[in-house]
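Examining the three-dimensional arrangement
Residue strings, one per chain:
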Protein chains: 2
Amino acid sequence: MTFEIKERDAAGRLCRFTTRHGAVITPNLLPVINPNKMMITPKEMKQRFGVDILITNSYIINKNPELRKHALMSGVHKLIDFHGTIMTDSGTFQSYIYGDINVDPLEIVRFQRDIGSDIGTILDIFGTPGQTKEESQQGTTETIRRAKESIQEKGEMLLACPVQGSVYPELREECARQLSSLNADFFPIGGVVPLMENQRYTDLVRCILAAKRGLDPSKPVHLFGAGHPLIFSLAVALGCDFFDSSAYAKYAQDGRMIFLWGTEKFDDLVELPCCCPVCSTYTISELRQLDAKDRTLQLALHNLYVSYAELRTIRTAIKGGWLWELVEQRAGANPFLFEALQVLREQNHLVWLEQFEPASKKTALFYTGPQTMYRPTVFRYHMRLCSRFDPLFNTTMVFPEGTKPYSMFYQRQMQQILTKKHVNFVVDSTIGPVPFELDEMYPLAQSVFPMSIDKETREITQHIMQRFLKTGKVIHWKEDMKLKQEKSKRSPFDFDLRRVSAVADMQFGRGASDALLNGRITIIKSKRTGKIRNILCDGVHVLSMRAEDGFFTLKLEGGRRLHNRLNYPLLRVVITNDAVPFVKEGKSVFSKFVSECDPSLRPFDECLVVDRDDVFLAIGRTQLTRDEMLSFRHGIAVKTRESLK
Amino acid sequence: MTFEIKERDAAGRLCRFTTRHGAVITPNLLPVINPNKMMITPKEMKQRFGVDILITNSYIINKNPELRKHALMSGVHKLIDFHGTIMTDSGTFQSYIYGDINVDPLEIVRFQRDIGSDIGTILDIFGTPGQTKEESQQGTTETIRRAKESIQEKGEMLLACPVQGSVYPELREECARQLSSLNADFFPIGGVVPLMENQRYTDLVRCILAAKRGLDPSKPVHLFGAGHPLIFSLAVALGCDFFDSSAYAKYAQDGRMIFLWGTEKFDDLVELPCCCPVCSTYTISELRQLDAKDRTLQLALHNLYVSYAELRTIRTAIKGGWLWELVEQRAGANPFLFEALQVLREQNHLVWLEQFEPASKKTALFYTGPQTMYRPTVFRYHMRLCSRFDPLFNTTMVFPEGTKPYSMFYQRQMQQILTKKHVNFVVDSTIGPVPFELDEMYPLAQSVFPMSIDKETREITQHIMQRFLKTGKVIHWKEDMKLKQEKSKRSPFDFDLRRVSAVADMQFGRGASDALLNGRITIIKSKRTGKIRNILCDGVHVLSMRAEDGFFTLKLEGGRRLHNRLNYPLLRVVITNDAVPFVKEGKSVFSKFVSECDPSLRPFDECLVVDRDDVFLAIGRTQLTRDEMLSFRHGIAVKTRESLK
């Protein structure tokens, strides 16, 4: 097995996952194949939807003598005629539905191994939401015990060990932690079907968050039984990689159609509110005229078309950096989902989520309501502003109210007014206080806020402004007179220098500007845009400013200066000795060679690559969080840009 | 031409529109056909998308000698080989793009008539957003003058007269009013393309609202140049019936794909985030390998698939009563659209929108954020509560805080607690104060609110509660002791009677309960659900309570009592004498026979049908607003339920 992060957004990730039967991309959906009755064959699924991973049930195969024989003889891939990755379930869900199912936990694991399942699942104890904490604890203890035993039997098969713990986050987290310490390969989050059936999305989110906290970040996470695309984007944003759907078939049998806003009964519809091939080929009356079996098939196909399109949308959003925007849009369709989003506002979750959030993005931040103010990016901006921004000049002025939004559009107007004056402003904006030195940094210049905003957002802004004023010791200058005095004192270069200095501190931490700019500074601007491009210190190139996000790219000399000035482990990614020669050649750092990393580094931050003795080797850009670097066996941890020969 | 409302939600409507070339359903989209170069032929559009109305350009046809000759000889339908409804544009947009186009306003109307266009368009003056008010005023004056002259020339052709007036709502409204007084058939809202191109949706919304205020409600309204489905739902909710799209082709030529959240460049995509036949048939790499012309065609098809599916979704939402929910969801995709929604909070717009809002719905109201509290339904509930709810008993008690939401789920729990006590409660809920007597009425029982709500919503609620307390003279009873005293004094029948009385006043207005319940009351309950079903007064059936929305259905005796008690014109729909015999036979009232109507009646309200001398004839349910009844020539105004023989 390999599992490797290729793209990321929020705590979501787009990974490449390989098994003996090929590679699949995540997030992805495993359609559930009932070996007894296939509404759509795996072959057709491959053709129509490009399905290259699915799930079937070893318990059902094992119980049916004929299927059992066939599977043991020819393997599960031949049994269902599918040659991609097959995951098998163990009968746990059946035990939840039917009670005792008389299956031996080890036997079913051996059976899955023997029929050639790519990913088998242990027979875990399904924790229901109604359980007491004691009952649930007993269940997770037994699940962990079975996981330990089952792992001995897995052979070449990958083994999935579901995280249980009912609605008790502390049990979920502990269960996840213990399972992660074993040699398991794949982590479903189990026991959540009853939560989803009752739209208890708030509880679902707490379960996912707790499990993710405890889990090894380098292993795939599967939200077991999640088949409705309504919740895919949120689950992905929290770090789920796989879903499985029997919903496509069950809903179709029940005459129900899946939409991104929920589910509609086919009989209640007068038109088909969808553009999938089924809904575009048939009119609703044509569909009504089909015989029942045919119609059910068409509804099932519709359900899968919609589900797979949502996964493509989610993957597009991850690549584009607008996964949170998508999550918030989807939440607008369902008040329970909308409510579940609010769990993410809680401080501990926000802190957890912030570590995954990319340092910057190329896409603008879009405001969708008060929830936007609780996005990890905004939270990080506020935190860094209060802790890192150094108001070097106590002439900073709070811009009068009434001009709240701060977006690329708004910013353009502001710039025309302000750059001419070369005064240090703090704009009291929707996103919070924006010192003018920072106004080209993501997400400030790259955000779109409406002019009129709700009270909740206004209050958050005020709160942050007060906090900032306290930290920053800002003097309010409101009189025009003083503005004019100020104007006469400053030169364009002064302001540029202040911008460079402030951005350096915001990006690399306090003290960074002193290290980087200690000498005679030359600022080279783009002739076309007039924006800062390169910064030289004593004639040596130390920094370049990126046009897209207003962040710096480190040059080797800049890295050296930061390394001299900032104490270990700040900005460092430490690599093992065997990787040193490769990095010196300019090769990227693979995660398996990382031995330590500054926990304050975020994905896509500029970093210093050092050896175990903190000898400076290279500068580059991180691709992973610290914890990911330390767990992943595959993939790039740091893209090296320049290295010392 | 006929134009008839079939279904409705918000200020949107699902209509049947017929011309000489057949019937089309609205809201609908007219794809723009360039007669010089058809990327997709009308024939293929009919086959693929069921297109039965489209728009082409008479200016282009007229300028090309060959097309002109062909069109004059065989008609525009043969020219483009399409036998549905054809609308033609006049060259106004070309004059906006290219300046003076040297077309005679009357000649182009005659030309459209002569080539057999079903809907021709006058050569109006395109009002640009940059115009001064005077310039714009001159333009509308000229547009109105041309409309007057052009109407003389229209013959059998329907004539579209665009509403202009730049960004000046008062000019738009006045222009609309003047055009409506003429014998025009179809009203585009013109001059809005520059607003949409710059995402000035706030201005767009103001333009639409102003035009709609001034327009004859019985004529189709077309948002000229609107081809991106992102804004369809909002425009429909404000009363637009038609859109036209050259965007599908223009965007495709530009390598851009339309999505419900905006537009993406094909070259930037790595996957196709859509389920349409194009995106489900091709992978993105297959699409890349097509030659440029083929790929452009596929992108255009995708753009149309997405656009038509959105129209089906909107029509489904109208039928299902969740158009506002859809509008709010879509607004989550774009901050400018989100901002435009906030225009609807302004008191004058809210009052205007409220008149169209159905009296009740079968679908639950879904909360999506602070904007939900400004929906016309919620506004109406607050207004009626303060003006109509009669706190008959000054023992009403404010339920303790901390139990804010009010939804069908929450309600069930409350009911268990409260019905046993038979005390009159007011729940201080998210939607505002809810007297327990009203708790089964739409939207109270039929709404879903999240548990945690934003500050803005909380403040609206508090504000309404204060207003209600002032109006209702409610006594706060917080002590358990008093609760117990209260309990002992009341019987279940007392509470039922209070419920019946309160609902009657809320639904029909103050005094209704006195009229309806003046006598010996019998309340018949459903044996299955225990809910109130029928109310008899002195042994005669006066009211039935509908399970779905908690509103009353009037019986003939109930109607008679209300007619006796409430002064003209309250609850009345007045019909002309020639319709009286039909209504006496129990036939429905067609709008052309309505001569007056109580302006406080809303669509789907129970009403009294009377003749011009206010003689009571029948009870029924309205289907239209007063203004619609007085303008529409086709369709049902009141569905009669029972009539006096």
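Anyway, here's the lowdown on the structure attached to this text. Remember, it's a predicted structure, so these values are computed and weren't measured experimentally.

How each quantity is defined
One numbering rule holds for all chains: residues counted from 1, following each sequence as written. Just so you know, chain letters begin at A and ligand numbers begin at 1, following the order they were written in. Side-chain atom pairs in this predicted model are given and counted only at pLDDT of 80 or more, local residue features only at pLDDT of at least 70, and totals for whole chains, interfaces and linings cover all residues. Note: side-chain values were computed over all heavy atoms of the structure, leaving out hydrogens and water. Pairing of aromatic rings covers Phe, Tyr and Trp, the last counted by its six-membered ring, and requires centre-to-centre distances within 6.5 Å; plane angles under 30 degrees mean stacked, over 60 mean edge-to-face, and any other angle means tilted. Numbering of helices and strands starts at the N terminus; helices are DSSP runs of H or I of at least 4 residues and strands are runs of E of at least 2. Exposed residues in this analysis have more than 50% of their type's maximum accessible area, buried residues have under 20%, and partly exposed residues fall in between, with area computed by a 1.4 Å probe over protein chains only. Should the NZ of a Lys or the CZ of an Arg lie within 6 Å of a ring centre and within 35 degrees of the ring normal, that charge is described as sitting over the ring. Contacts between residues were defined by any pair of non-hydrogen atoms, one from each residue, lying within 4.5 Å. Two parts placed together each lose some accessible area under a 1.4 Å probe, and the buried area is that loss summed for both. Only one rule defines a salt bridge in this text: a Lys or Arg side-chain nitrogen within 4 Å of an Asp or Glu carboxyl oxygen. Polar contacts, as counted here, are pairs of nitrogen or oxygen atoms within 3.5 Å of one another; within protein the pair requires one atom able to donate a hydrogen and one able to accept it, and residues that are adjacent in sequence qualify only if both atoms are side-chain atoms. Axis lines are fitted through C-alpha atoms, for helices just across the contact stretch, and the angle between N-to-C directions can take any value from 0 to 180 degrees. Each angle gets one of four labels, with under 35 degrees taken as roughly parallel, over 145 as roughly antiparallel, 65 to 115 as roughly perpendicular, and the rest as oblique. Any residue that is not Ala, Val, Leu, Ile, Met, Phe, Trp, Tyr, Cys, Pro, Asp, Glu, Lys or Arg is counted as polar, Gly included; the first ten are nonpolar and the last four charged. For two strands to be treated as a pair, DSSP must find no fewer than two bridges joining them.

The next thing to look at is the packing of aromatic side chains. Residue and element names in this part refer to chain A. Summed over all chains, the structure comprises 32 aromatic pairs over all chains. Consider the rings of Tyr96 and Phe126, whose centres lie 4.0 Å apart with planes at 10°: the pair is stacked. Note that Tyr96 is positioned in helix 5 (residues 92-98) and Phe126 in the loop between strand 7 (119-121) and helix 7 (133-153), a separation of 30 residues in sequence. Residue classification places Tyr96 among the partly exposed positions, given a relative accessible area of 27%. Taken together, Phe3, Phe17, Phe186, Phe242 and Phe632 form an aromatic cluster joined through their ring pairs. Lying over the aromatic face of Tyr251, Arg256 brings its terminal NZ or CZ to 4.2 Å of the ring centre.

Every contact between the two is made by 47 residues of chain B and, on the other side, 46 residues of chain A. In total, chain B and chain A occlude about 4200 Å² of area from one another, counting both sides; carbon and sulfur atoms represent 59% of this. Our count for the contact surface shared by chain B and chain A stands at four salt bridges. We note a salt bridge from Glu271 of chain A to Lys319 of chain B, for which the minimum N-O separation is 3.9 Å. There are eight residue pairs in polar contact (both at pLDDT 80 or more) connecting chain B and chain A. For the side of chain B that touches chain A, the secondary structure elements donating two or more residues are helix 13 (277-281), helix 15 (292-320), helix 17 (335-341) and helix 21 (455-472) of chain B.

Residue and element names in this part refer to chain B. Two numbers describe how helix 7 (residues 133-151) lies on helix 8 (residues 169-180): the axes approach to 10 Å, and their chain directions differ by 10°. Classified by the interaxial angle, the pair formed by helix 7 and helix 8 is roughly parallel. Packed against helix 7, whose contacting residues are Lys133, Ser136, Gln137, Thr140, Ile144 and Ala147, the element helix 8 presents Glu170, Leu171, Cys175, Gln178 and Leu179 at the interface. A class-by-class count of the residues in the contact of helix 7 with helix 8 yields five nonpolar, four polar and two charged.

Turning our eyes to something else, we now look at the sheet that holds strand 26 (residues 606-610) of chain A. Residue and element names in this part refer to chain A. One open sheet accounts for six strands, arranged 24-28-27-26-23-25; its pairing is mixed. Every other strand in the sheet has two partners, leaving strand 24 (589-590) and strand 25 (594-597) as the edge strands with one partner each. The pairing of strand 24 with strand 28 (residues 636-643) spans two bridges and is classified as antiparallel. Note that in strand 28 the partner of Val589 across the bridge is Val638. Taken strand by strand, helix 25 (residues 556-565) contacts strand 23 (572-575), strand 26, strand 27 (616-622) and strand 28, and its axis lies near 105° from that of strand 27.

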